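Letter by letter, the chains look like this.
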Amino acid sequence: MNKYLLSFISILPLAAFAGNTFTIHSAIPGMTEGAEVRLRAADSHDSIAYGKVTNGQFVLTGSVAAPVLCTLEIDNRVRPLPEQEFMHNRVVKLYLDNDDYTVSAAAYDSIPLSYELDFPILGECRYTVRGGDAQQQYQAWHDAVWASLKAAEEASVKAWRYRYGGEEFGGPEHPDEAVGERLSLTADSLKAVWQQQSDDYAWTHPTEPYSLYLQGKGLDRHFYYTAAQLDEMTAHYRDNRDAVGYAAFVKQVAEARKTAKGMAYPDVTLRTVDGKAVKLSALVKVGQYTLLDFWASWCGPCRASIPLIKEMHARHPELNIVSISCDRSLKDWDEAMREEKMSWQQAALPQDKQLYRAAATAYQVQYIPYLIVISPDGKVVKASNDAKEIVRMW
């Protein structure tokens, strides 16, 4: 919707939309007169409403077809911004439905920045959102997982500071890799705890719309759920109060079936170092585990993970490794292989656009590095963007 229309909506009498609209009101101390306020869907980033701070407060109104997780972004600087200066949004998260909401905080500066090093999640306790059944459900989930979520985020920040922060952000000038690995393992372990708590909450509250949202987000984990588990989910959330959300969830499940854990690996066309077409099935070895490593010469994290794969190749010769480059340039791919001394099987996505898209879609290659584990009987059993997670399997 046009932002000017949304701005116009925000000043219409509330009675005109009684029962069919939401209203968000806030009078947080320290907001600048004329500061811009935007309400966006958290996942799609689509604009839902827009307004400005007037007389120390703002009121946003509009309507949504179903409950939606949103970010309320407040930029305390009045336009125009200095040249090349990016927005400094303070962000409030809320679960929105057509109801009345009030956002409060001790001061504008206490609201977390969208890009805070200590992660905005850790600042969520510094503001309060009241109103609406949907928000109450979100708050109930948040209260249930907060202790474990906070512990996981703090551990992640600690690991990041140690490995990459340097002295500027409280880390050592020369971090010890063993210490960094222990910190990362701790963070991963705590993240798994809070994720399990979140999954358990969603499963034990199947009629709540936010539970449906959480379960839908979980479907983004490719090759994670089996077809039987997906069938069970579809039935489990059938009585959810968000009919619109459930219809969308059913479509999500249908997509998730294309990358269900335990499915036979998709046989796709790749290309060899000399540019010839080759089927993946010619590279997979029956009776052995196969590791597919999607990477590219220009991808820093991909190059950083190659030593781990090289170590696995040396320690586990029984593991069949196939690195699949996403490079378009044969020259760049060849140079990177020689530089990295990659002695295991090598292939690349096809140069043909249609075949390239077919292979990337079959394995849902969205971010690299991306690693896929195929069992000895040809079933996909694991997918991860973290090489260390794969290494821990052996």
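To keep things clear, this report deals only with the structure shown in the data block. Computed from a prediction, not measured in an experiment: that's the story for all the values here. (Residues numbered from 1 in each chain as written. Predicted model: local features only at pLDDT ≥ 70, side-chain atom pairs only at ≥ 80, totals over all residues. Heavy atoms only, no water.)

## Observations concerning the pairing of strand S15 (residues 380-384)
And then number 1: Here four bridges tie strand S14 (residues 370-374) to S15, and the two strands are oriented antiparallel to one another. Residue pairing for S15: Leu371 is matched across the bridge by Ser384.
And then number 2: In textbook terms, the turn of a hairpin is the stretch between consecutive antiparallel strands, and for S14 and S15 this stretch comprises five residues, one of which, Gly378, has a positive phi near 85°. (Pairing = 2+ DSSP bridges. Helix = DSSP H or I, 4+ residues; strand = E, 2+ residues; numbered from the N terminus.)

## Section: a nonpolar patch on the surface
And then number 1: Together, Trp160, Tyr164 and Phe169 give the surface a local cluster of nonpolar side chains, amounting to about 320 Å² of exposed area.
And then number 2: For Trp160, the location among the structural elements is in helix H2 (residues 133-165). (Patch = residues over 30% accessible without salt bridge, like charges linked within 9 Å, V, L, I, M, F, W, Y side chains within 5 Å. Areas by Shrake-Rupley, 256 points an atom, 1.4 Å probe, with all protein chains shown as cover. Salt bridge = Lys/Arg side-chain N within 4 Å of Asp/Glu carboxyl O.)

## Some remarks on empty space enclosed by the protein
And then number 1: Counted according to the given criterion, the structure contains one cavity of 30 Å³ or more.
And then number 2: Quantified by volume, the largest cavity comes out at close to 50 Å³.
And then number 3: The wall of the largest cavity is formed by Leu219, Arg221, His222, Phe223, Tyr224, Tyr225, Leu230, Ala256, Thr259 and Ala260.
And then number 4: When grouped by side-chain class, the residues that make up the lining of the largest cavity number seven nonpolar, two polar and one charged. (1 Å grid on protein atoms, 1.4 Å probe; cavity = no way out; pocket = protein on both sides within 12 Å on 5 of 7 lines; lining within 4 Å. Points joined across faces, edges and corners; volume = space filled by probe spheres on them. Nonpolar A, V, L, I, M, F, W, Y, C, P; charged D, E, K, R; others polar.)

## Observations concerning the layout of surface pockets
And then number 1: For the second largest pocket, the calculated volume is near 460 Å³.
And then number 2: Taken together, 22 residues make up the lining of the second largest pocket; nearest its centre are Asp43, Pro67, Tyr213, Gly245 and Ala248.
And then number 3: Elements with a contribution of two residues or more to the lining of the second largest pocket: strand S5 (68-75), helix H4 (209-218) and helix H6 (243-256).
And then number 4: By residue class, the composition of the lining of the second largest pocket is 15 nonpolar, four polar and three charged.

## Considerations on the pattern of salt bridges
And then number 1: In the structure shown here, the tally under the stated rule is 22 salt bridges.
And then number 2: Put simply, Arg163 and Glu181 hold a salt bridge, and the shortest N to O gap is 3.9 Å. In this pair, Arg163 sits in helix H2 while Glu181 sits in helix H3 (residues 177-204), placing the two residues 18 residues apart along the sequence.
And then number 3: Under the relative-accessibility criterion, Arg163 is labelled buried at 15%.
And then number 4: A residue is classified by how much of its surface remains accessible, and Glu181, at 22% relative accessible area, is partly exposed.
And then number 5: Glu177 is the salt-bridge partner of Lys388, the closest N and O atoms lying 3.8 Å from each other. Residue Lys388 is located in helix H10 (residues 387-391), and its partner Glu177 is located in helix H3; the two are separated by 211 residues in the primary sequence.
And then number 6: For Glu177, a relative accessible area of 51% gives the class exposed.
And then number 7: One network of salt bridges, with partners in common, ties together Arg163, Glu177, Glu181, Asp188, Lys388 and Arg392. (Buried < 20%, exposed > 50% of the residue type's maximum accessible area, 1.4 Å probe, protein only.)

## A look at the sheet that holds strand S1 (residues 22-26)
And then number 1: As summarised here, the arrangement of the four strands in space is S4-S1-S7-S8, forming an open sheet in which the pairing is mixed. If you trace the sheet from one side to the other, it starts and ends with strand S4 (58-62) and strand S8 (127-130), each paired once. Direction aside, neighbouring strands of the sheet carry axes that sit 15° apart on average. (Axes fitted to C-alpha atoms, helices over the stretch in contact; angles between N-to-C directions.)

## Quick word on unusual backbone geometry
And then number 1: The amide bond that connects Ile368 to the next residue, Pro369, takes the cis arrangement and shows omega of 5°.
And then number 2: In this structure, Pro369 sits in the loop between helix H9 (353-362) and S14.
And then number 3: Phi angles above zero are rare outside glycine, and Lys341 is one such case at about 55°.
And then number 4: Looking at the element boundaries, Lys341 is found in the loop between helix H8 (330-340) and strand S13 (345-348).

## Considerations on H4
An α-helix turns once every 3.6 residues. As a result, residues three or four positions apart point the same way.
And then number 1: Here H4 lies mainly inside the structure; nine of its ten residues are buried.
And then number 2: For H4, the full list of buried residues reads Pro209, Tyr210, Ser211, Leu212, Tyr213, Leu214, Gln215, Gly216 and Gly218.

## Quick notes on the nonpolar core
One broad trend across soluble globular proteins is that nonpolar side chains are buried collectively.
And then number 1: Ile24, Leu39, Phe58, Leu72, Leu94 and Leu96 are the most contacted members of the largest nonpolar core, which totals 54 residues.
And then number 2: In terms of residue count, H2 provides more of this core than any other element does, seven residues in total.
And then number 3: Setting aside residues no more than four positions away along its own chain, Leu72 makes contact with Ile24, Val37, Arg38, Leu39, Phe58, Leu60, Arg90, Val91, Val92, Leu94 and Val103.
And then number 4: Listed in part, the 46 residues of the second largest apolar core include Ile309, Ala336, Leu349 and Ala359. (Core = buried A, V, L, I, M, F, W, Y, C linked by side-chain atoms within 4.5 Å. Contact = heavy atoms within 4.5 Å.)

## Quick word on the side chain of Asp327
And then number 1: Mapped onto the secondary structure, Asp327 falls in the loop between strand S12 (320-325) and H8.
And then number 2: Buried within the structure, Asp327 lacks any salt-bridge partner; its nearest side chain of opposite charge belongs to Arg271, at an N-O separation of 7.2 Å.
And then number 3: A polar atom in the side chain of Asp327 sits 2.6 Å from the side chain of Ser297.
And then number 4: Separated by 2.7 Å, the side chains of Asp327 and Ser325 make a polar contact.
And then number 5: Excluding residues that lie within four positions of it along the chain, Asp327 makes contacts with Arg271, Ala296, Ser297, Trp298, Asp332 and Trp333. (Lys, Arg positive; Asp, Glu negative; His and termini not counted. Polar contact = N/O pair within 3.5 Å; in protein donor to acceptor, adjacent residues only side chain to side chain.)

## Considerations on H6
And then number 1: For H6, with 14 residues, the first-to-last C-alpha span of 20 Å sits near the 20 Å given by 1.5 Å per residue.
And then number 2: Inspection of H6 places Gly245, Tyr246, Phe249, Val253 and Ala256 among the buried residues, and these make up the whole buried set. Down the axis of H6, the smallest arc covering the buried residues is 95°, so these residues share one side. The exposed set on the far side of H6, more than 90 degrees from its buried face, consists of Ala243, Val244 and Lys251.
And then number 3: For H6, the elements touching its buried residues are H4 and helix H5 (227-236).
And then number 4: Two or three places before Val244, at the start of H6, stands the capping residue Asp242, its side-chain oxygen 3.4 Å from that residue's backbone nitrogen. (Expected span 1.5 Å × (residues − 1). Arc of directions from axis to C-beta.)

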